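# Residue-level structural notes
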Amino acid sequence: MASRNNVNLDRRSLLRTLGAGGIVGLAGCTGGNDDTTTTAGDGGGGGDSTATPAEDLGDTLVGPDGEQVSLSMVYSTGSETTKTTAQFMKQEYGKMGIGVELTGVPFNTMLSKYAQNTYKPEDGEERSSFNAGPRDEATSQEQWDLMLGIGFNSYPRTPTSIRPFWTSEKKRKQSTVNFYGYRPSEDIAGMLDEASQETDEAKRQELLANVFGVLSHDQPVNFYEFSVDLNGFQKDVQGINPGQSIGYNYQQYFRGDSGGSASMSGGYSYGAGTDAKTLNPIRINDESSSDRLALTLDGAYSFDNNNEVVYRWVESIDTDDKQNYEFTLRDNLQWGGDYGQMTADDWVYYIKEVHQAEDNWAGDVNQSDWFRGEEPIPVEKTGKLSFEIQLPEVDPAFIKKPIMWGAMCLPKSLVEKYRDMDDGGNKLNQSTAIQEITYSGNLGPYTFERWDRESVFVAKRNENYYLRDVEGYDGTPNFEEYKFQVFGEQSTRLSAFETGEIDQLMLPSSKAKKFEDLSSTKVIQTPNAFCSILAYNQRANGWDQLRTREIRKALSMGVKKKTIVENIDRGYAKVAHTHQPEYSDWFDDSKVEKTGVGENYGAAQAKQMLADNLSGDYKFE
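Going by what an unreviewed UniProt entry lists, the chain is known as Peptide/nickel transport system substrate-binding protein and is assigned to Haloferax larsenii.

Shown next, in the form of structure tokens:
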């Protein structure tokens, strides 16, 4: 898995915008630019060998009100690729007799107004999150039926980590990202729990393959592709280790000649298409936000390209039984302000009083990580700098899961100040400590300088960076400052990269060859872990027919995936049918039901399936 500023490998990034850098790197939908009109053509309609039955049904799907069925599709702006994909899908839906109204909004707006939903329990306060409550009552601020421009992390290292996406929305603590209101036909959460505990690799593989089979059968979303990351760098950026975890050592990047020694230089700039939503580690589950925060906070540990642990704040992990894991912190970690040394007390308090707080007072978006079933995972302090996580069952893959991998923490004395305060979660979120990351101390390679919303995030070199005591990191980082510059238009980002204004970005597939050929830039291809999806809204403010599996499957059958992969993404992607890439050890093609390809693509089959399964007074005319 790659990442943008390549900090922590997006272990906490459940969601990612598509096409924010052109190609959507980890997320999946590679980008076109000003030359993306190639999709209009036949629109992927070739190969529809059953056109006559479709014509017999009629050209227009009419609803109970006597009008053509029209669905609302919201998509994220900033990439011509996402826009073009939305237009192509609209064209494909038109062949099924369905109208589509397109609305483009910035990614963060799409998350806050369309994905996030609100619910007020009878005996509690109103809450808002990606799964605030039952799908019949918790709905988003803006109505939508289809959502495009978002990628779901498939976690091929530890696929049981996909639980937040596919657990029934009824189990709110576990299904923290189920904003579309999906209820699986089988107990996916139980299947994932069983796979997590299984020590026999063959049995574990079979259990997980069954999960991905159920997802392809249920079609809670249209899984349509996994793309390749096209990482663009200025030619003089050195120290890069290409691979699935590209950027795990970004602290060691430097500017110079190939084969040269690291030396200090001015600044490093990343060209981004989307700004952060928040700098609060408790409320981060998107890549753009985690990228900014991770400049100032390294997190517990990471992984290199060989899946070996790269220790950061944690200096050792010990387990004798693969059930109880002891984590020991380095002894040179210092919080900023007056918070003192980072100790086990900080971690145990943070886990118990934030991640496992029954009332979720702080608005933690990742609480499900710290529960097994409905029970919190026991955590105990074992020394000043050590604590033990006591799992209820054996889990040999625990350290590779996005639980402690890349985990953040806050000082105990900062959090407890707000713990029992009225509206404490929001007051903590609005505090200077959170908004300006004043607590970061020596815990990251850079320290916060300023954040101009929707423009630039700037961090300056941390002169007291703890990692300089570790071999290979002497003098790091090698830049005086690191900044994220937001360019709303893809063409502007590319122009800035070509002129050397920015050092790194994710390239659109249509421009990869150009920058490969330039003498001043280089392009590194890496695999990704995010699946590009079209979400179907199964909550109360979505088209009610989307709650029927066969309707969702029909809509997926009617979109030709190869056109997206080959024409729009120019071959820098692979067709997807479930929430796991084919290169994963857990993917089993024999268990997966395919849609949108070969005999499983076509307006004719899709319309027939719609006609057979729509309720009420729907008909084709």
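Let's pick the thread back up.
For the rest of this paragraph, the subject is the overall build of the chain. Each helix and strand in the chain was counted, giving 16 helices and 29 strands. Expected size for 621 residues packed as a compact globule is a radius of gyration near 25 Å; at 24 Å, the chain falls within 12% of this value. Taken along its principal axes, the extent of the C-alpha atoms in the chain is 75 × 60 × 45 Å. Within the chain, buried positions represent 62% of all 621 residues. On the chain, roughly 21800 Å² of surface is accessible, and the fraction owed to carbon and sulfur atoms is 41%. Treating the 63 positive side-chain charges of the chain as one cloud and the 95 negative ones as another, the clouds have centres 1 Å apart.

Along the chain, the position of Ser168 falls in the loop between helix H4 (163-166) and helix H5 (188-197). The exposure class assigned to Ser168 is buried, which follows from its relative accessible area of 14%. Setting aside residues up to four positions removed in sequence, Ser168 forms contacts with Ser175, Asn178, Tyr182, Arg183 and Pro184.

Segmenting the chain into domains produces domain 1 (22-29 + 54-105 + 143-227 + 528-616), domain 2 (236-287 + 444-518) and domain 3 (297-440). Once you take the C-alpha centre of each, domain 1 and domain 2 turn out to be 32 Å apart. Counting from both sides, the interface comprises 12 residues of domain 1 and, opposite them, 12 residues of domain 2. Counting each side, the surface lost to burial between domain 1 and domain 2 is near 990 Å², with a carbon and sulfur contribution of 45%. Summed over the shared surface of domain 1 and domain 2, the result is zero salt bridges. Taken together, domain 1 and domain 2 are joined by three residue pairs in polar contact (both at pLDDT 80 or more). Of the residues belonging to the side of domain 1 that touches domain 2, the class tally is four nonpolar, four polar and four charged.

On to the environment of Arg312, then. Relative to the helices and strands, Arg312 is located in the loop between strand S15 (309-311) and strand S16 (314-318). Side chain to side chain, Arg312 and Tyr473 meet in a polar contact 3.1 Å long.

Within the largest apolar cluster, 77 residues are counted, with the highest numbers of intra-cluster contacts made by Phe327, Trp347, Phe387, Ile389, Met404 and Tyr439. Here the element with the most residues in this core is helix H8 (residues 344-355); it accounts for seven residues. Residues lining this core come from more than one domain, with at least three contributed by each of domain 2 (236-287 + 444-518) and domain 3 (297-440). Counting 38 residues, the second-largest nonpolar core is a separate cluster that includes Met110, Trp144, Leu207 and Val221.

On the surface, a cluster of negative charge is contributed by Glu315, Asp331, Asp469, Glu471 and Asp474. Looking at the secondary structure, you find Glu471 in the loop between strand S23 (456-461) and strand S24 (479-486).

What follows is about the packing of H8 against helix H9 (residues 412-419). Where H8 contacts H9, the two axes come as close as 9 Å, and the packing angle between them is 30°. Comparing the axis directions of H8 and H9 gives the class roughly parallel. The element H8 and its partner H9 pack so that their crossing is left-handed. Contact with H8, carried on its side by Asp345, Asp346, Tyr349, Tyr350, Glu353 and Val354, involves Lys412, Val415, Glu416 and Arg419 of H9 and no other residues of that element.

This brings us to the pattern of salt bridges. Evaluation of the coordinates by the stated rule reveals 22 salt bridges. Note that Asp395 and Lys401 form a salt bridge whose closest N and O atoms lie 2.6 Å from each other. Judged on exposure class, the residue Asp395 and its partner Lys401 are both buried. One salt bridge in this structure joins Arg461 and Glu463, with 2.9 Å as the shortest N-O distance. On the basis of relative accessibility, which here comes to 13%, the residue Arg461 falls in the buried class. It is possible to trace a salt-bridge network through shared partners that takes in Arg372, Glu393, Asp395 and Lys401.

Okay, helix H2 (residues 80-95) next. An α-helix turns once every 3.6 residues. As a result, residues three or four positions apart point the same way. With 16 residues, H2 should reach 22 Å at 1.5 Å per residue; the first-to-last C-alpha distance of 23 Å fits that figure. Where H2 begins, the side chain of Ser79 points an oxygen toward the backbone nitrogen of Thr81, at a separation of 3.1 Å. Once H2 finishes, Gly97 follows within two positions and takes phi at roughly 85°, a positive value.

The subject of this paragraph is helix H14 (residues 549-557). Counting buried residues along H14, eight of its nine residues qualify, which places the element largely inside the surrounding structure. All of the buried residues in H14 are Arg549, Ile551, Arg552, Lys553, Ala554, Leu555, Ser556 and Met557. Residues of H14 that are buried make contact with strand S3 (70-76), H2, helix H6 (201-218), strand S9 (221-227), strand S27 (530-536) and helix H16 (603-613).

What counts, and where the lines are drawn
- Residues numbered from 1 in each chain as written.
- Predicted model: local features only at pLDDT ≥ 70, side-chain atom pairs only at ≥ 80, totals over all residues.
- Heavy atoms only, no water.
- Helix = DSSP H or I, 4+ residues; strand = E, 2+ residues; numbered from the N terminus.
- Rg over C-alpha atoms; globule rule 2.2 N^0.38 Å.
- Buried < 20%, exposed > 50% of the residue type's maximum accessible area, 1.4 Å probe, protein only.
- Areas by Shrake-Rupley, 256 points an atom, 1.4 Å probe, with all protein chains shown as cover.
- Lys, Arg positive; Asp, Glu negative; His and termini not counted.
- Charge placed at Lys NZ, Arg CZ, Asp CG, Glu CD.
- Contact = heavy atoms within 4.5 Å.
- Domains from an automatic or database assignment.
- Buried area = accessible area lost by both parts, 1.4 Å probe.
- Salt bridge = Lys/Arg side-chain N within 4 Å of Asp/Glu carboxyl O.
- Polar contact = N/O pair within 3.5 Å; in protein donor to acceptor, adjacent residues only side chain to side chain.
- Nonpolar A, V, L, I, M, F, W, Y, C, P; charged D, E, K, R; others polar.
- Core = buried A, V, L, I, M, F, W, Y, C linked by side-chain atoms within 4.5 Å.
- Patch = residues over 30% accessible without salt bridge, like charges linked within 9 Å, V, L, I, M, F, W, Y side chains within 5 Å.
- Axes fitted to C-alpha atoms, helices over the stretch in contact; angles between N-to-C directions.
- Parallel < 35°, antiparallel > 145°, perpendicular 65-115°, else oblique.
- Left-handed = near helix turned anticlockwise from the far one by under 90°.
- Expected span 1.5 Å × (residues − 1).

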